[in-house]
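Below, each chain spelled out in residue letters.
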There are 2 protein chains.
Amino acid sequence: MNTLRILAIDDHEMTMLGYKFILERISFDNHTIIVDTANSFKSGKKKIEDSVNSFKYDIIFLDVQLYPPNENQPHNGEDLGKLARKLVPESKIIFMSSFSDNHRINSILKSVDPDGYMVKTDIDPKSLEDAVKTVTIQPPYYSSKALGAIRKRMSTTISLDDNDKRILYHLSIGTKTKDLEQHVELSASSIENRKRHLKSLFGTEKENDLALILAAKNRGFI
Amino acid sequence: MNTLRILAIDDHEMTMLGYKFILERISFDNHTIIVDTANSFKSGKKKIEDSVNSFKYDIIFLDVQLYPPNENQPHNGEDLGKLARKLVPESKIIFMSSFSDNHRINSILKSVDPDGYMVKTDIDPKSLEDAVKTVTIQPPYYSSKALGAIRKRMSTTISLDDNDKRILYHLSIGTKTKDLEQHVELSASSIENRKRHLKSLFGTEKENDLALILAAKNRGFI
DNA sequence: GATAAACCTTAAAAAAACTATGGTTTCATT
DNA sequence: AATGAAACCATAGTTTTTTTAAGGTTTATC
């Protein structure tokens, strides 16, 4: 009789209770599943750090957005994921995110390379169970919407460098072209050139920025 | 009571019988599943073409390697996949391949963007059923080993252009550096530069080509 | 130990990317 | 319709990167 230790970190107390309820009822070979929870960046961090010198968690579920109490600058789960990877590399990490935002997914897949990624609207008892099992037996597990995003990225052949991505990202969040210089370490002129170049890559020559970011979104870059 | 039409194309008669046997026994809402089969590039092509003007297949399972009878030059399923996409874009395509060869997977994901990809050693009744259901409800479906390969690609940040990829690929199949000029449209000198550059990207400076292609394989590029 | 391939260095040439400048178009607001 | 702001475009000079050729050194193989 093995025990499978799970840590779930989410700042919504209620949803976390839901996770705990579901997870602990999973029947999986002859494992006993124990779910520990934390509802802030800080407490999650502490639990991970403490685990280093005691029982390591088998799986850590991690919300991408964690609002620490009394602050409004969100600590993101990505940092916590990186920390966990470093401290307890043997723990499997599954990210949970409320949006299937490609930009975020891509960034997390690169910086943390988690063993699983679930878009919150995909989460239900069945997918949670699948995730736990897949991740312990043969990672990775990606939920349906996450897979959709990944598919888009894999099926395109366009390769962008960091500056391109930054330009696309900032355009997509409404940054004006003239203000882009503050975010991209390039001259205004180069930025314009790159925008032109991007538009030709995405087949939106002579169209406006909206067309560009729409195309980039469709191909999974934003 | 709907009917779900499936075409399975594989040059091994026996395995195809296996697929048919399993697939037709899947219970899926109130669908009747009908499996049609073809065991060569030619017959598969014909069935797909014929389907254009009659009942389209809902799903086409497609073996990546198809040896046509009496020839030894394998027609690959990739071409057939491209054809199917063109003729019957509404049919879902699931590729099956015996190796989890990243180069092939990447190439197929780009050129055909199939709705599913299964590595043959992952195929069993359960995964087949999952594939059918996932692909009809919310594609894509990737089998476990395929996901492993995809994960590698997504988690790395290295981006290579076509020349780099071609160099890596040819090195991996044993092409000698001096013969590379015939495949890469670059001077010998440039090829050496790029090899050096690649080795630094993959952290195999001052090591030999084997180390490079091993590293590239590990990261999912070959 | 002779030979072929791989590897490295250098310097020149070519290509690509960047930048500054000055102008034109587009769009929203009045 | 007039105006101002932002977006867009074209040109040309500059910088950076990539390619190339030519030469030599190391490594592996028979």
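Shown above is the structure to which this text applies.
Residues numbered from 1 in each chain as written. Chains lettered and ligands numbered in written order. Predicted model: local features only at pLDDT ≥ 70, side-chain atom pairs only at ≥ 80, totals over all residues. Heavy atoms only, no water.

A. The arrangement of helix H3 (residues 77-87) of chain B in detail. Buried within H3 of chain B are the following residues: Gly77, Glu78, Leu80, Gly81 and Ala84 of chain B. Taken around the axis of H3 of chain B, the buried residues stretch over an arc of 160°, which confines them to a single face. (Buried < 20%, exposed > 50% of the residue type's maximum accessible area, 1.4 Å probe, protein only. Helix = DSSP H or I, 4+ residues; strand = E, 2+ residues; numbered from the N terminus. Arc of directions from axis to C-beta.)

B. Spotlight on the layout of surface pockets. There is about 1,200 Å³ of room inside the largest pocket. Lining the largest pocket we find 32 residues, and of these Lys126, Asp130 and Tyr141 of chain A together with Asp130 and Tyr141 of chain B sit closest to its centre. Split by residue class, the lining of the largest pocket holds ten nonpolar, ten polar and twelve charged. (1 Å grid on protein atoms, 1.4 Å probe; cavity = no way out; pocket = protein on both sides within 12 Å on 5 of 7 lines; lining within 4 Å. Points joined across faces, edges and corners; volume = space filled by probe spheres on them. Nonpolar A, V, L, I, M, F, W, Y, C, P; charged D, E, K, R; others polar.)

C. Up close: the sheet that holds strand E7 (residues 116-119) of chain A. All names here are of chain A. Spatially, E2-E1-E3-E6-E7-E8 is the arrangement adopted by the six strands of the open sheet, whose pairing is parallel. In this open sheet, the two edge strands, each paired with only one partner strand, are strand E2 (31-38) and strand E8 (141-142). Sheet strands touched by helix H3 (residues 77-87): strand E1 (2-9), strand E3 (59-63) and strand E6 (92-97). Its angle to E6, the strand with the most contacts, is close to 175°. (Pairing = 2+ DSSP bridges. Contact = heavy atoms within 4.5 Å. Axes fitted to C-alpha atoms, helices over the stretch in contact; angles between N-to-C directions.)

D. Region of interest: the protein's contact with DNA strand D. What surrounds DNA strand D is a group of 16 residues, the closest being Lys178 and Lys195 of chain A together with Ser187, Ser190 and Arg194 of chain B. Among the atoms of DNA strand D lying within 4 Å of the protein, the sugar-phosphate backbone contributes 60%. Within the side chain of aspartate 209 of chain A, one N or O atom sits 3.0 Å away from a phosphate oxygen of DNA strand D. Between DNA strand D and serine 189 of chain B, the relevant distance is 3.3 Å, taken from a base nitrogen to a side-chain nitrogen or oxygen of the residue. Elements with a contribution of two residues or more to the surface near DNA strand D: helix H9 (188-201) of chain A together with helix H9 (188-201) of chain B. When the residues that make up the surface near DNA strand D are grouped by side-chain class, the tally is one nonpolar, six polar and nine charged. (Near = heavy atom within 4 Å. Polar contact = N/O pair within 3.5 Å; in protein donor to acceptor, adjacent residues only side chain to side chain.)

These results come straight from atomic positions and should not be treated as a statement about function.
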